[in-house]
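Coordinate analysis (summary)
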Amino acid sequence: MSLDGRVGIVLVSHSAALAEGAAELATQVSGGTVAVVAAGGTDDGRLGTSAAKVTRAVKLANGGAGVLIVPDLGSAVLTVRALLCEPGDLPTQVVIADAPFVEGVVAATVTAAGGGDIKAVLAAAEEARHARKL
Amino acid sequence: MPASYEEAITLAGDLHARPAGALAVAAARFSSAVSLSVGTSHADAKSVLGVMGLGATCGQHVTVTAEGPDAQDAVAAIIAILAEATRVGA
């Protein structure tokens, strides 16, 4: 799953289907050259978030250039922030994006596919907040 | 030596999400600044959301402009993607 040299992307959503769908969309739009890993739902398949799932996803997405985590709402943000407070189990530089979920993931993944570093990928995700659709 | 280069194309199909992604990934390979214009709207070609936000559709005239050391190659690459991707309607 991990692709050496490119920033990896982890999607943290309350819903496994939402995380997987957004990951599929970002992968297709970016051409499939970036590790985009979904971490949605609880360990027993309910709506919610799981620190263990996020940790596994970061390990899968890690290609040595850092991993950007994009959370959807509320406790997804809290779960990721708690994890980042104790980054001992995480294998690489991990940052959290304050960004709209779908747009942020798509913008970040395309920037990673273009060879952007973790700083550029984070900026792309956060700039998505200002993107107009009409 | 920095240069400016520009070329236009009439779209044979709508500019969907996947070609917008391919375009932004390709534009990122160049050090030149690359922009797209459709009517009065402009977008940074390296921003996938910006490119999608143009809402460019079949029959519209898109101008690709680049400024920088590899401007001509950048414009050629982006024009090629616009021609191919909108043709197959990806």
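Residues numbered from 1 in each chain as written. Chains lettered and ligands numbered in written order. Predicted model: local features only at pLDDT ≥ 70, side-chain atom pairs only at ≥ 80, totals over all residues.

On to the packing of helix H1 (residues 16–30) of chain A against helix H1 (residues 17–27) of chain B. The interhelical angle for the contact between H1(A) and H1(B), taken along N-to-C directions, is 55 degrees, at an axis separation of 7 Å. With respect to each other, H1(A) and H1(B) are oriented oblique. Residues A:Gln28, A:Val29 and A:Ser30 of H1(A) form the contact with H1(B), whose own contacting residues are B:Ala17, B:Arg18, B:Gly21 and B:Val25. Per-class residue counts for the contact of H1(A) with H1(B) are three nonpolar, three polar and one charged. (Axes fitted to C-alpha atoms, helices over the stretch in contact; angles between N-to-C directions. Helix = DSSP H or I, 4+ residues; strand = E, 2+ residues; numbered from the N terminus. Parallel < 35°, antiparallel > 145°, perpendicular 65-115°, else oblique. Contact = placed C-beta atoms within 7 Å. Nonpolar A, V, L, I, M, F, W, Y, C, P; charged D, E, K, R; others polar.)

This paragraph deals with the interface of chain B and chain A. Accessible area lost during the coming together of the parts is what is often quoted as the interface size. At the interface, 12 residues of chain B touch 16 residues of chain A. Broken down by secondary-structure element, the contributors of at least two residues to the side of chain B that touches chain A are H1 and helix H2 (48–53) of chain B. Among the elements that make up the side of chain B that touches chain A, the one with the highest residue count is H1(B) (six residues). Considering only residue class, the side of chain B that touches chain A consists of seven nonpolar, three polar and two charged.

With that out of the way, let us pick up the nonpolar core. Among the nonpolar cores identified, the biggest contains 75 residues, and A:Ile9, A:Val10 and B:Ile78 are the most heavily contacted of them. Among residues more than four places away in sequence, those in contact with A:Val10 are A:Val37, A:Ala39, A:Val54, A:Ala57, A:Val58, A:Ala61, A:Val67 and A:Ile69. (Core = buried A, V, L, I, M, F, W, Y, C linked by C-beta atoms within 7 Å. Buried ≥ 20, exposed ≤ 12 C-beta atoms within 10 Å, placed from the backbone.)

This part takes up the environment of A:Ser75. Residue and element names in this part refer to chain A. Among the structural elements, Ser75 can be located in helix H3 (residues 75–85). Classification of Ser75 by C-beta neighbours within 10 Å gives partly exposed; the count is 14. Separated by 24 residues in sequence, Ser75 and Ala99 have C-alpha atoms that sit 15 Å apart.

Turning our eyes to something else, we now look at the sheet that holds strand S4 (residues 94–96) of chain A. Residue and element names in this part refer to chain A. Ordered in space as S2-S1-S3-S4, the four strands form an open sheet in which the pairing is parallel. The open sheet has two edge strands with one neighbour each: strand S2 (36–40) and S4. For this sheet, the mean angle separating the axes of adjacent strands, direction not counted, is 20 degrees. Two elements, strand S3 (residues 67–71) and S4, share three bridges in a ladder whose sense is parallel. By the bridge assignment for S4, Val67 is matched with Val94. Its contacts with the sheet put helix H2 (residues 51–61) on strand S1 (8–13), S2, S3 and S4, and the angle it makes with S1 is roughly 160 degrees. (Pairing = 2+ DSSP bridges.)

Residue and element names in this part refer to chain B. In terms of strand pairing, strand S2 (residues 33–38) meets strand S3 (residues 41–44) through four bridges, oriented antiparallel. Across the sheet, Leu36 pairs through a bridge with Ala43, a residue of S3. Hairpin connection from S2 to S3: two residues lie between these consecutive antiparallel strands, with Gly39 at a positive phi of about 60 degrees.

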